[in-house]
Amino acid sequence: MGKKKILVTGGTGYIGSHTAVELINEGFDVIIVDNLSNSSADSLDGVEKITGTRPEFEKFDLCDKAKVIDFFNKHGDIEAIIHFAASKAVGESVDKPLLYYQNNLNSLINLLEVMNAKPSISLVFSSSCTVYGQPEKLPVTEDAPIQKATSPYGNTKQIAEEIIQETIAANPSMKAIALRYFNPIGAHATALIGELPIGVPQNLVPFVTQTAIGLRNELKVFGNDYNTPDGSCIRDYIHVVDLAKAHVVAIKRLIESKNKRNFELFNLGTGRGVSVLELLNAFEKSTGVKVNYKIVERRPGDIEQVWADTKFANDELGWKAQSTLDETILSAWNWEKHYRNK
Ligand code: UD1
């Protein structure tokens, strides 16, 4: 039997490139589509160096329906899609809501149209813990109520989950898994691929590593007056390679028809809540490098604290995040140093 072919949209990006590596390692054929709006095709070199295989790559925009149809006509052997391609900057989404709705929803709808016509193609979708807002109960389980999104970005994830669910309800031969990511950080152990934010990083860990390496003067810690043990916000930081591996498990579950429902949802986190100040301490301890930081005002729209209940994903998927916080942080630092040739 030949290799199963998986379409990885957004596969040159941060999570996509790490997932491409894990898929190739597990014997899948990977074909990547990306418009390179927020990533570089250089990550394909990294994937090739790590795995010995260069994934097929096509550059186009998945919002272009005609191109999507052409692509699937050309690649009739695709078994499943992992759909990462999306815009993900919370602040930008507030300034440009239509861009986010256009980009994140049209690409998904175009893929679902293809699946609707050919339901043997299954889907793994990148969702986010942002759908929970500030949960009443922690750790948060998959059946916690969805709360009104605090940004257009968050809203696209909520709407996307609904679109998938309703499309599958209308066509029960389709199947999909949505994975709700907590905070992915870190990089591949080889430091050949990693997170590469364009411009000023919006997320905590790339800002920390760029400050530590001297690219930024000072990290701003957004608030120390939250109702948490040290006053800073709490998140569930998961190693991107652990996250990538969960995608391979989800793909196998769908391809081997081991899914229990046609649309399933799983939290992807470690189950451990870590505050911003704890993360900074862990960074300084594990790398030996001091980070210049200042406590400033809260960032509008930030959730006080959220971390995952991982039981459902652990039991159902037989998957568990393995890396420690220190290992994860060190991998991010090694990537930053490698990338800057230091
Ligand atoms: C946010 C989104 C998440 C999205 C992710 C992708 C929400 C609630 N969360 O995650 O859905 O997938 O962005 O970009 O919308 N921090 C600092 N200084 C900094 C940067 C961050 O103190 O310079 C703090 C933040 O206040 C927060 C923590 O670090 O407490 C993590 O922030 P960040 O990495 O931006 O991720 P989220 O906001 O959790």
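In the block above lies the structure referred to throughout.
Residues numbered from 1 in each chain as written. Predicted model: local features only at pLDDT ≥ 70, side-chain atom pairs only at ≥ 80, totals over all residues. Heavy atoms only, no water.

Asks: I tried to follow the overall build of the protein chain on my own but got confused; where do I start?
Replies: The number of helices and strands found in the protein chain is eleven helices and 13 strands. For the protein chain, whose C-alpha radius of gyration is 19 Å, the value lies close to the compact-globule estimate of 20 Å for 342 residues. Its C-alpha atoms give the protein chain principal-axis dimensions of about 55 × 45 × 40 Å. Out of the 342 residues in the protein chain, the part that is buried amounts to 53%. Taking the intrachain contacts of the protein chain between residues at least 6 apart in sequence as the baseline, contacts between residues at least 24 apart amount to 79%. Carbon together with sulfur atoms contributes 49% to the accessible area of the protein chain, which is approximately 15400 Å² in total. Considering the protein chain, the positive charge centre built from 37 side chains and the negative charge centre built from 42 side chains are found 2 Å apart. (Helix = DSSP H or I, 4+ residues; strand = E, 2+ residues; numbered from the N terminus. Rg over C-alpha atoms; globule rule 2.2 N^0.38 Å. Buried < 20%, exposed > 50% of the residue type's maximum accessible area, 1.4 Å probe, protein only. Contact = heavy atoms within 4.5 Å. Areas by Shrake-Rupley, 256 points an atom, 1.4 Å probe, with all protein chains shown as cover. Lys, Arg positive; Asp, Glu negative; His and termini not counted. Charge placed at Lys NZ, Arg CZ, Asp CG, Glu CD.)

Asks: I'm lost on the layout of surface pockets in this one. Help?
Replies: If a probe as big as a water molecule is rolled over the atoms, it shows which places are left empty. Taken as a whole, the second largest pocket encloses approximately 270 Å³ of empty space. At the level of secondary structure, the elements contributing two or more residues to the lining of the second largest pocket comprise α6 (152-170) and β11 (263-268). Among the elements that take part in the lining of the second largest pocket, α6 stands out by supplying four residues, more than any other. Looking at the lining of the second largest pocket residue by residue, the classes come out as five nonpolar, two polar and seven charged. (1 Å grid on protein atoms, 1.4 Å probe; cavity = no way out; pocket = protein on both sides within 12 Å on 5 of 7 lines; lining within 4 Å. Points joined across faces, edges and corners; volume = space filled by probe spheres on them. Nonpolar A, V, L, I, M, F, W, Y, C, P; charged D, E, K, R; others polar.)

Asks: For this particular structure, what's the right way to read unusual backbone geometry?
Replies: Excluding glycine, residues mostly have negative phi values, and the peptide bonds linking residues are mostly trans. In this structure, Pro139 follows Leu138 across a cis peptide bond, with omega equal to -5 degrees. Its location among the elements puts Pro139 in the loop between β5 (122-128) and α6. You will see that Leu36, though not glycine, has its phi angle at about 60 degrees, which is positive. Take Leu36: it is sitting in the loop between β2 (29-34) and α2 (43-51). Judged by relative accessible area, Leu36 falls into the partly exposed class, the value being 22%. Backbone geometry at Ala191 places phi at a positive 60 degrees, although glycine is not the residue there. Residue placement: Ala191 occurs in the loop between β7 (183-185) and α7 (204-212). Accessibility expressed as a relative area gives 6% for Ala191, which makes it buried.

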